[in-house]
Amino acid sequence: MISAVMSWLSSTLVSPNQQITSRRCWRLLCLMKMRRHRVFLLCTVGLCVISFLHYYKALHYVSLLRELAAPYPNIKSFIMVTGFFWREKGAAATPLSPASPEEAPPLPVLRQPESKGRDAAGSAGVGEFGLGIEGVVVAGHAGLGQREEPEPPHPWEKPEENNHRDSQDEGAEDHLNPNYPRPRFGPELPEAPLAGKEHGVVLFGDQMPDPVNSLGDLHTRTHQLQDDKTRYFVRTKAGALCFRQGTEVATPKEYSGKSGGSVATGAREAGRSAGQQKPLELQQQPTISPKAKTRSRGNGKRLVKCVCRPGWHGPYCGVPTMVYHSNLPTKERLTPRETPRRVINAINVNHEFDLLHARFHELDEAVDLFLVCESNYTAYGEKRPLSFLRLLLNGTYDYIRHKILYVFLDHFPDGGRQDGWIADDYLRTFLTRNGMSRVIGARSDDVFVINDADEIPAHEGLLFLKLFDGWTEPFAIHMRKSLYGFFWKQFGSLEVVSGCTLGMLRDVYDGDGIKLRRREYYTLPGFRKYENDTGHILVQWSVGSPFHFAGWHCSWCFTPEGIYFKLVSAQNGDFPRWGDYEDKRDLNYIRELIRTGGWFDGSVQEYPPVDPKEHMYAPKYMLEHYNRYHYLLENPYSKLSRLSEG
């Protein structure tokens, strides 16, 4: 009570001057606080403006913004102003497309490369990268001549029917596990005659001479990349630059106007017979297509476009449908390269030899080098035969050998047996770093693509990456999904991050292929520096779409014996590991899974209807060699079960 009274007396005894001074101090303090808030607010606004202008460069890559800019001159002017402040590196090489979609980008000046036949290039490549083929093959055949199983499949010969498959099935099973009992599950299905013989090479590998003795320095040799001298583009008399494979061509009679219509040839035949066929000139064939119209501009210049074949788009007819319908944000900025990039395709191989043949034939024209890694250990850590090396030495892959760089992994990573993902990741890390360290003459803008052996990209997508500037990185690939064969098509697509330039692989991913496939680039420390050094904005995109496939992913696409081998060699991390269950390893049980499309857990999913004639059903090489690949193109057990029931 006394303290309260004293405080009241002290407050009432304060002089008026002191009260005025306190009020002024309070006002001054409030004014200072307001000024601080203003400074803070101005700084915040400034940071927002700077951030917006910085990231506007990234937005500049988005097609939606450019589409919005077309009808509104104010936004268009704003784009021009920002383009003045941010002059991108290489802008002259990849100019922005004009607002009118009918106007083509300026045509780059291409030097005329020397013509070189593919056969001559192939023979020269074998000679340059030659592995002493004659001596190795003689030694290989001397060792392989004493074996009892059939020769490995050759792509140029018609396979023979396997008349002794019953004994092979039992022998293969007993060879891998002599004490393994054979319970029977499901109906007794007759065995289909299988064209694929890769299981014989794999399962009986240790009965043959060890190919490591003939390895020599094959796993340490280097490969010199050469520029691709193929003339992919041709310029018409009117000045249009057209992609040969995607442009309608006419015979000499049609070209001279003696005949009316055009003759569309196959894409690869058009490139090979360029001397006899010429691109249609639109001013001479005004009625051939609505796209073939020419129009005059105010300055009197005539704009001429190429006449695109079905499946090809763009002013140069060089953009395939799988890219045209992709989410690539820079479609309007694509321009042909003067010198094609080199494309390097890296894969780990186990026993996917039929799929490997299909890959080599599909990508022969687009890929300059295949890095093929093989280990003498399975993903589970057990010893395995070097089956691919054996086929490589005996001449099976002579048709593509000049483009193969063999990578040999002779050890198993520490901890890989306990954690299978360590072994799985290490395979791709070793493949990329060992393989790329032996490539000579690579450039930073060359393309690197890494796939699993059961992932086959379409050659049109990789050829686009090879020939055009203006696309962003990294890129993924949408692939058609199927199980056991292309006849069991699964819904949707498999989208896998698969590639980038060698510069990004080196500077962002530290030369590690597994980081490219499984790590987001913006979580890595080098991506911002790579953007600043190159002037590129890293925007991930995908070749293809869920409705426009850019490749094939055929999972578990083997004969029953091949599926058996995959079960027992699977890594110890992807659980459940079905190879640990004896009943799942029974060959008759596996045949029943192939017949019904079921999975090892007993479930049977729904599959959409398929037609072997549909687009992107299977790689072209497989369709052209049906007798050899029929066990992957058509369900062999569904037909046999119906026949047995009848």
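This text gives an overview of the structure that appears in the document. These numbers were taken from a predicted model, which means no experiment stands behind them. (Residues numbered from 1 in each chain as written. Predicted model: local features only at pLDDT ≥ 70, side-chain atom pairs only at ≥ 80, totals over all residues. Heavy atoms only, no water.)

### Considerations on empty space enclosed by the protein
Inspection of the entire model under this criterion finds six cavities of 30 Å³ or more. Space inside the largest cavity adds up to approximately 70 Å³. Lining the largest cavity are Ser375, Tyr377, Thr378, Ala379, Leu409, His411, Phe412, Pro413, Ala423, Tyr426 and Leu427. By residue number, the principal contributor to the lining of the largest cavity is helix H14 (residues 420-436), which donates three residues. Of the residues in the lining of the largest cavity, the class split is eight nonpolar, three polar and no charged. (1 Å grid on protein atoms, 1.4 Å probe; cavity = no way out; pocket = protein on both sides within 12 Å on 5 of 7 lines; lining within 4 Å. Points joined across faces, edges and corners; volume = space filled by probe spheres on them. Helix = DSSP H or I, 4+ residues; strand = E, 2+ residues; numbered from the N terminus. Nonpolar A, V, L, I, M, F, W, Y, C, P; charged D, E, K, R; others polar.)

### Digging into the packing of aromatic side chains
In the structure shown here, the tally under the stated rule is 26 aromatic pairs. Ring geometry for tryptophan 488 and tyrosine 607: centres 4.6 Å apart, planes at 40°, overall tilted. Note that tryptophan 488 is positioned in the loop between strand S18 (475-483) and strand S19 (489-501) and tyrosine 607 in the loop between helix H20 (587-596) and helix H21 (620-624), a separation of 119 residues in sequence. Tyrosine 607 gets classed as buried once you look at its relative accessible area, which sits at 15%. (Phe/Tyr/Trp six-rings, centres within 6.5 Å; stacked < 30°, edge-to-face > 60°. Buried < 20%, exposed > 50% of the residue type's maximum accessible area, 1.4 Å probe, protein only.)

### Structural notes on a nonpolar patch on the surface
A cluster of nonpolar side chains, contributed by Leu28, Leu31, Met32 and Met34, occupies part of the molecular surface with about 360 Å² of accessible area. Following the sequence through the fold, methionine 34 ends up in helix H2 (residues 16-59). Classification of methionine 34 as partly exposed rests on a relative accessible area of 43%. (Patch = residues over 30% accessible without salt bridge, like charges linked within 9 Å, V, L, I, M, F, W, Y side chains within 5 Å. Areas by Shrake-Rupley, 256 points an atom, 1.4 Å probe, with all protein chains shown as cover. Salt bridge = Lys/Arg side-chain N within 4 Å of Asp/Glu carboxyl O.)

### A closer look at helix H22 (residues 626-633)
Among the eight residues of H22, six are classified as buried, and the element is accordingly described as predominantly covered. Taken together, the buried positions of H22 are Arg628, Tyr629, His630, Tyr631, Leu632 and Leu633.

### Here's the deal with unusual backbone geometry
Going from glutamate 473 to proline 474, the amide bond is cis rather than trans, its omega being -5°. Turning to its location among the elements, proline 474 is positioned in the loop between strand S17 (468-469) and S18. Phi is positive for cysteine 317, which is not a glycine, with a value near 55°. Topologically, cysteine 317 is positioned in the loop between strand S8 (312-313) and strand S9 (319-320).

### Regarding the pattern of salt bridges
Scanning the model with the defined rule gives 30 salt bridges in all. Two residues, aspartate 469 and arginine 337, come together in a salt bridge whose shortest N-O distance is 3.0 Å. Separated by 132 residues along the polypeptide, aspartate 469 in strand S17 and arginine 337 in the loop between strand S10 (335-336) and strand S11 (343-348) bring together distant segments of the chain. What makes aspartate 469 buried here is its relative accessible area of 17%. For aspartate 446, the salt bridge goes to arginine 342, with nearest N and O atoms at 3.1 Å. Within this pair, whereas aspartate 446 is found in the loop between strand S14 (439-440) and strand S15 (447-452), its partner arginine 342 is found in the loop between S10 and S11, the two being separated by 104 residues in sequence. Overlapping salt bridges, with partners in common, bring together Asp227, Arg337, Arg341, Arg342, Arg443, Asp445, Asp446 and Asp469 in one network.

### Here we look at the state of the cysteines
Within the structure shown, the criterion is met by three disulfides. With its sulfur 2.0 Å from that of its partner, cysteine 242 forms a disulfide with cysteine 306. Classification of the bridge connecting cysteine 242 and cysteine 306 rests on its S-S torsion, roughly -95°, and on that basis the disulfide is left-handed. With a gap of 64 residues between them, cysteine 242 in strand S3 (residues 241-243) and cysteine 306 in the loop between strand S7 (302-303) and S8 connect regions that are remote in the sequence. (Disulfide = S-S within 2.5 Å.)

### Some thoughts on the side chain of asparagine 345
Its place among the elements puts asparagine 345 in strand S11. Side chain to side chain, asparagine 345 and arginine 359 meet in a polar contact 2.9 Å long. Discounting residues that sit within four places of it in the chain, asparagine 345 has contacts with Arg359, Leu363, Val367, Leu369, Phe370, Leu371, Val449, Ile450 and Asn451. (Polar contact = N/O pair within 3.5 Å; in protein donor to acceptor, adjacent residues only side chain to side chain. Contact = heavy atoms within 4.5 Å.)

### Some words on the nonpolar core
The biggest cluster of nonpolar side chains holds 86 residues, and the ones touching the most others in it are Phe388, Tyr397 and Phe464. Looking at this core element by element, the count peaks at six residues for helix H12 (residues 353-363). The contact partners of tyrosine 397, leaving out residues within four places of it in the chain, are Phe353, Leu356, His357, Phe360, Phe388, Leu391, Leu392 and Ile404. (Core = buried A, V, L, I, M, F, W, Y, C linked by side-chain atoms within 4.5 Å.)

### Notes on the environment of arginine 595
Secondary-structure assignment places arginine 595 in helix H20. Here arginine 595 falls in the partly exposed class, since its relative accessible area comes to 23%. Spatially, the C-alpha atom of arginine 595 lies 9.7 Å from that of tryptophan 488, the residues being 107 residues apart in sequence.

### Focus: the packing of H12 against H22
Put simply, H12 and H22 touch, their axes get as near as 11 Å, and they point 115° apart. The two elements H12 and H22 cross, and the hand of that crossing is left-handed. Counting all contacts with H12, which are made through Asp354, Leu355, His357 and Ala358, the residues of H22 involved are Arg628, Tyr629, Tyr631 and Leu632. A per-class count over the contact of H12 with H22 returns five nonpolar, one polar and two charged. (Axes fitted to C-alpha atoms, helices over the stretch in contact; angles between N-to-C directions. Left-handed = near helix turned anticlockwise from the far one by under 90°.)

### Remarks on the packing of helix H19 (residues 560-569) against H20
Closest axis-to-axis distance for the H19/H20 pair is 9 Å, and the angle between their directions is 110°. When the axis of H19 is compared with that of H20, the two are roughly perpendicular. For the pair H19 and H20, contact is made by Pro560, Glu561, Ile563, Tyr564 and Leu567 and by Leu587, Ile590, Arg591 and Ile594, respectively. Classifying every residue of the contact of H19 with H20 gives seven nonpolar, no polar and two charged. (Parallel < 35°, antiparallel > 145°, perpendicular 65-115°, else oblique.)

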